[in-house]
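Next come the chains, spelled out residue by residue.
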Amino acid sequence: FKNWRLLKVVQPHSKTDHLAYLFLATDFESQTDPKPDPGEKIIVHLKTLDELKQMLNLANTRYLPQDILARVATIEQLEALPAYDPSA
């Protein structure tokens, strides 16, 4: 992808120093295998916006950005969202 924008940062567990980052990637260029750093786990799941919204109530998708997905109805609205602001 040519463009990456950070949309959200979540700390799922308060007792460990573990952060989950949500990026919106646009302008597809090419696909390669992830090259994670030691100890890093990267899993890429390609989904349509409708598929993501359908997954919101599944138990194993608790880290999906429900607050973000509830506000958008189209990819264009998703692309128009502002970048993550830690002071907000």
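Look above for the structure.
The text that follows walks through the structure, step by step, so that each part is easy to find. (Residues numbered from 1 in each chain as written. Predicted model: local features only at pLDDT ≥ 70, side-chain atom pairs only at ≥ 80, totals over all residues. Heavy atoms only, no water.)

## Comments concerning the nonpolar core
Inside soluble globular proteins, nonpolar side chains tend to come together where they are buried.
And step 1. Membership of the largest hydrophobic core is limited to nine residues, which are Leu7, Leu24, Leu49, Leu56, Ile68, Leu69, Val72, Leu78 and Leu81.
And step 2. In this view, Ile68 contacts Leu7, Lys8, Leu22, Leu78 and Leu81; residues no more than four positions away in its chain are not counted. (Core = buried A, V, L, I, M, F, W, Y, C linked by side-chain atoms within 4.5 Å. Buried < 20%, exposed > 50% of the residue type's maximum accessible area, 1.4 Å probe, protein only. Contact = heavy atoms within 4.5 Å.)

## Some remarks on the packing of aromatic side chains
And step 1. Within the structure shown, the criterion is met by three aromatic pairs.
And step 2. Ring geometry for Phe1 versus Phe28: centroids 5.4 Å apart, planes at 75°, classification edge-to-face. Here Phe28 lies in the loop between strand 2 (20–26) and helix 1 (49–55) and Phe1 lies in the segment before strand 1 (3–10), a separation of 27 residues in the sequence.
And step 3. The class of Phe1 is partly exposed, set by a relative accessible area of 36%.
And step 4. Measuring from ring centre to ring centre gives 6.1 Å for Trp4 and Phe23, while their planes differ by 80°; the resulting arrangement is edge-to-face. Note that Trp4 is positioned in strand 1 and Phe23 in strand 2, a separation of 19 residues in sequence.
And step 5. Clustering of aromatic rings is evident, with ring pairs tying together Phe1, Trp4, Phe23 and Phe28. (Phe/Tyr/Trp six-rings, centres within 6.5 Å; stacked < 30°, edge-to-face > 60°. Helix = DSSP H or I, 4+ residues; strand = E, 2+ residues; numbered from the N terminus.)

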